[in-house]
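One-letter residues, chain by chain:
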Amino acid sequence: MATATFHKWLTHFTDTKKCSFSPASKGHQTLYFHHYHRHVCQGCCYLSMNGCREGHEQHARTRKPVGTIETRTLAAVASPAMAMYSLNMAISELKSEAPYGTLSGIVRVQVPIEEQVEAIDWLHSQNHLLLPRCFFSGRKHSPNGEENLVSVAGLGSAVFFSQPHPFSYWDWISIRRFLSERCPLVRAYGAIRFNAEAKVSSEWLAFGSFYFMIPQVEFNELEGGSMLTITIAWDNDLSWSWENAINALQETLCNVSSSIVNFPKSTPPTLILSSHNIPSNVDWDLAVNRALQMIERNDSLLTKVVLARSTRVVPTADIDPLAWLSCLKVEGENAYQFLLQPPNAPAFIGNTPEQLFHRKWLHITSEALAGTRARGASQALDRQIELDLLTSPKDDIEFTIVRDTVRRKLEAVCERVVIKPEKMIRKLPRIQHLFAQLSGRLRSEEDEFEILSSLHPSPAVCGFPTEEAQLLIAETEVFDRGMYAGPVGWFGGGESEFAVGIRSALLEKDRGAFIYAGTGIVEGSSPYLEWDELELKTSQFTKLLKLDLPQRQKVDCK
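Note that the coordinates shown come from a computational prediction; the quantities given were computed from them, not determined experimentally. (Residues numbered from 1 in each chain as written. Predicted model: local features only at pLDDT ≥ 70, side-chain atom pairs only at ≥ 80, totals over all residues. Heavy atoms only, no water.)

### Structural notes on the overall build of the protein
We apply this condition: Secondary structure counts use DSSP, requiring at least four H or I residues in a row for a helix and at least two E residues in a row for a strand, with both numbered from the N terminus. Note on classification: 1.4 Å probe, protein chains only; a residue is buried when its accessible area is under 20% of the maximum for its type, exposed when over 50%, partly exposed between these limits. By the convention used here, residues are in contact when the closest approach between their heavy atoms is within 4.5 Å. We get accessible surface area from the Shrake-Rupley algorithm with a probe of 1.4 Å; when it comes to residues, only the shown protein chains can shield them.
Along its length, the protein carries twelve helices and 26 strands. Scored against the burial criterion, the 558 residues of the protein give a buried share of 60%. Taking the intrachain contacts of the protein between residues at least 6 apart in sequence as the baseline, contacts between residues at least 24 apart amount to 77%. Total accessible area on the protein stands at roughly 21900 Å², and carbon and sulfur atoms take up 52% of it.

### With respect to the environment of G138
Along the chain, the position of G138 falls in the loop between β5 (133–137) and β6 (149–163). Judged by relative accessible area, which is 11%, G138 ranks as buried. In the structure, G138 is positioned 200 residues away from F338 in sequence and 8.7 Å away in space, judged by C-alpha atoms.

### Comments concerning the pattern of salt bridges
Going by this rule: Salt bridge, as applied in this entry: a Lys or Arg side-chain nitrogen positioned within 4 Å of an Asp or Glu carboxyl oxygen.
Applying the stated criterion across every chain yields a total of 28 salt bridges. Where D235 meets R177, a salt bridge forms, and the shortest distance between an N and an O atom there is 3.0 Å. A residue pair is termed long-range when its members are at least 10 positions apart, and D235 in strand β9 (residues 225–235) and R177 in the loop between α4 (169–176) and β7 (187–192) qualify at 58 residues. The same class applies to D235 as to R177, namely buried.

### Regarding the side chain of E367
Stated formally: Polar contact criterion, stated in full: a pair of N or O atoms within 3.5 Å, where within protein one must be able to donate a hydrogen and the other to accept it, and residues adjacent in sequence count only if both atoms are side-chain atoms.
Relative to the helices and strands, E367 resides in strand β16 (residues 363–374). In this structure the side chain of E367 is engaged in a polar contact, spanning 3.3 Å, whose partner is the backbone nitrogen of Q355. A distance of 3.4 Å separates the side chain of E367 from the side chain of R426, its partner in a polar contact. Residue contacts for E367: discarding those within four places in its chain leaves R139, P353, E354, Q355, V406, R426, F435, A436, Q437 and L438.

### Examining unusual backbone geometry
With omega at 5°, the peptide bond leading from I278 into P279 counts as cis. Checked against the element boundaries, P279 lands in the loop between β11 (270–278) and α6 (281–296). The step from K420 to P421 runs through a cis peptide bond, and the omega angle for that step is 0°. If you trace the backbone, P421 turns up in the loop between β17 (414–419) and β18 (424–427).

### Section: the environment of T252
In this structure, T252 sits in helix α5 (residues 242–254). Given a relative accessible area of 1%, T252 falls into the buried group. A distance of 2.6 Å separates the side chain of T252 from the side chain of Q216, its partner in a polar contact.

### With respect to the packing of aromatic side chains
Worth spelling out the cut-off: Ring pairs shown here join Phe, Tyr and Trp side chains whose ring centres sit within 6.5 Å, with only the six-membered ring taken for Trp; geometry is labelled stacked below 30 degrees between planes, edge-to-face above 60, and tilted in between. By definition here, charges over rings are those cases where NZ of Lys or CZ of Arg is within 6 Å of the ring centre and within 35 degrees of the ring normal.
Using the criterion set out here, one finds 25 aromatic pairs in the structure. Plain terms: the ring middles of F167 and F449 are 6.1 Å apart, the flat faces sit at 45° to each other, and that makes the pair tilted. Of this pair, F167 sits in the loop between β6 and α4 while F449 sits in helix α10 (residues 448–455), and the two are 282 residues apart along the sequence. We classify F449 as buried; its relative accessible area is 7%. With centroids separated by 5.0 Å and ring planes inclined at 85°, the aromatic side chains of W234 and W242 adopt a geometry described as edge-to-face. Taken as a pair, W234 and W242 share a single burial class, namely buried. The rings of F167, Y169, W170, W172, F210, F212, F357, F449, F491 and F498 are connected pair by pair, giving a single aromatic cluster. Sitting over the ring of W490, R187 keeps its end group 3.6 Å from the ring centre. Geometry around F435 places R426 over its ring, the cationic atom sitting 4.0 Å from the centre.

### Quick word on α10
With six of its eight residues buried, α10 lies for the most part within the structure. Within α10, burial applies to E448, F449, I451, L452, S454 and L455.

### Brief notes about the layout of surface pockets
The criterion, for reference: Here a cavity denotes grid points, spaced 1 Å and computed from the protein atoms alone, that fit a 1.4 Å probe unable to get out, and a pocket denotes an open set having protein on both sides within 12 Å along at least 5 of 7 lines; residues with an atom within 4 Å of a point are the lining. Grid points are joined across faces, edges and corners, and a volume is the space filled by probe spheres set on the points. Charged means Asp, Glu, Lys or Arg here, nonpolar means Ala, Val, Leu, Ile, Met, Phe, Trp, Tyr, Cys or Pro, and polar covers whatever is left, Gly included. Domain boundaries shown here were taken from an automatic or database domain assignment.
Considering only enclosed or pocket space, the second largest pocket measures out at about 640 Å³ in volume. Lining the second largest pocket are 28 residues, and of these H128, R133, Q341, A345 and K509 sit closest to its centre. Looking at the lining of the second largest pocket, the elements that each hand over two or more residues are α3 (119–124), α7 (321–328) and β23 (504–508). Each residue belonging to the lining of the second largest pocket can be placed in one class, and the counts come to 15 nonpolar, seven polar and six charged. Taken together, domain 1 (62–254) and domain 2 (270–547) each give at least three residues to the lining of the second largest pocket, which thus spans both.

### Considerations on the nonpolar core
In plain terms, the rule: Nonpolar cores are built from buried Ala, Val, Leu, Ile, Met, Phe, Trp, Tyr and Cys residues. Side-chain atoms within 4.5 Å join them into one set.
Core analysis: the biggest nonpolar cluster contains 96 residues, and F167, F212, V305, L307 and F491 have the highest contact counts within it. Those residues within four positions of F491 in sequence are excluded, and the remaining contacts are F167, W172, I175, L179, V186, R187, A188, F212, E448, L452, S496 and F498. One finds V77, A119, L339 and I349 within the second-largest nonpolar core, a separate group that totals 54 residues.

### Some remarks on the packing of α6 against helix α11 (residues 466–476)
The geometry of a pair of packed helices is captured by two quantities: the angle between their axes and the separation between those axes. So the rule is basically this: With axes taken as lines fitted to C-alpha atoms, and helix axes fitted only over the stretch in contact, angles between N-to-C directions fall between 0 and 180 degrees. Just so you know how the angles are binned, under 35 degrees is roughly parallel, over 145 roughly antiparallel, 65 to 115 roughly perpendicular, and the rest oblique. Handedness of a crossing is defined here by the sense of rotation of the near helix relative to the far one, left-handed for an anticlockwise turn of less than a right angle and right-handed for a clockwise turn.
Axis separation between α6 and α11 bottoms out at 11 Å; the angle between their running directions is 150°. For the element pair α6 / α11, the angle class is roughly antiparallel. Viewed along their axes, α6 and α11 form a crossing whose handedness is right-handed. Here α6 contributes A287, R290 and A291 to the contact with α11, which in turn contributes L472, E475 and T476.

### Some remarks on the side chain of D235
The exposure class assigned to D235 is buried, which follows from its relative accessible area of 2%. Here R177 takes part through its side chain, which lies 3.0 Å from a polar atom of the side chain of D235. Here the side chain of D235 touches D237 through a polar contact of 3.1 Å, landing on its backbone nitrogen.

### What to know about the pairing of strand β4 (residues 104–113)
Rules: Paired strands, as defined in this entry, are two strands with at least two bridges between them according to DSSP.
Of all ten residues in β4, nine are buried; the element is thus mostly enclosed. In this structure, β4 lies alongside β9, joined through ten bridges in antiparallel fashion. Opposite V111, over in β9, you have L228 as the bridge partner.

### A look at empty space enclosed by the protein
Applying the stated criterion to the full structure yields ten cavities of 30 Å³ or more. By volume, the largest cavity is sized at about 200 Å³. In this structure, the largest cavity is lined by 21 residues; those nearest its centre are A460, I502, R503, G518 and K537. Listed by contribution, the elements that provide at least two residues to the lining of the largest cavity are β12 (304–315), β16, β24 (512–521) and α12 (527–542).

Read these as geometric descriptors, not functional statements.
Shown next, in the form of structure tokens:
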């Protein structure tokens, strides 16, 4: 039966891609208390720092690159406190200067710091009400730009981009307006919903269908040093002048602390009042068996579907998202850590091992990641588990679907695609997966949007074929995935990088945490074993929680 399923997948090589071109744009945020500055364009199109989206030729310039894009580097200083002083002096000088001669622009002012400070420590030292905020840490050995950037933490938004409609080509253009190869560290950090057509639940409402921000104040953790930066963005056509932008930046900077406290990479146990899985164990068995019936039907093209679970945890006290994130950071070098929190929203955090794509100029890499096993308690047991994963027919089908689908997506826009290695084991501290790396050369940098929109959702988080899998997910899952399993990362000038937002959680004050995990269902899957895989994938979060009330000892994140 497995051979028939594999053949059914091999014969299906078409995948319909949809692109939305919705009207209207809404909101530019410059301060953490979420002010909006906008005006109406012919009664139907809202102009903002997002840019007008379609039609109205007289506003076509809002889709062109801004007039000024510049990075100024000040003299290096010894500490973050001295960097704050330098930036405040620089702002005073900028205010006294004549405004830039262009109607729009973005200016980044950066101060190198000799002292090496972790970006997460800087962010943790700031007022948690200073929003929006973001954090992104790439893989240790992946190329992250000319400045050997390790991690980025950002506060406030010089520009932000968010809409309720699906992320479209014009949204990508609106972001690209503010980016340039001449200023590679001006980046827009954010995330995109797994399914923009799905009904949005209240906990995800403030994120929109996508949310990207270019921070007003940013702390860069470098290899061997640090950097504190400010960014000013303006566009007179969109009713946001240089004076507006610099005044708003000053207000944000007044709330930024220059005192940095190194907080321990451990957290006290968070005691649980309640824990609730959607679906329950019984409903999970029903859902998996229904998916298996669909896969085994002769008239169905479906060969794989990824079903997910949301675990709602209500603790006795509020969970600090950054404390949890700091624990995730010790999970290993082959993972991405992220935090994204718009105003009036929960914090979306995660520690994902899966890269969606990384682009540097025309060179692009992507990955196939599928099949999951726990690590062994001994070296001998670990090797035995590894061999079992490498030789499992069920896991090989799941992995091959993912790898070959990613390959075909890349071949559509690349001159040549190389897969090396074709299949190996990637080991993480608690889990091991089947893994392949794919690389190619884009025909044009303009193909970046096509890559993003075609690679997501991949069979690793959705299934195959995509439309059939999405339909079954929509019919089966009764919770909102939100940004879980969606693209998480950044756009930059000449370079962009996105991970897949798995191994993630949504932390909300007074509401606790929503912890998400999913698993691929293919022919041969067992509901019982797939539930165990969900437990394994969420263990990096659940190990920070304690049901046993008398215990008061600290939980070591390591």
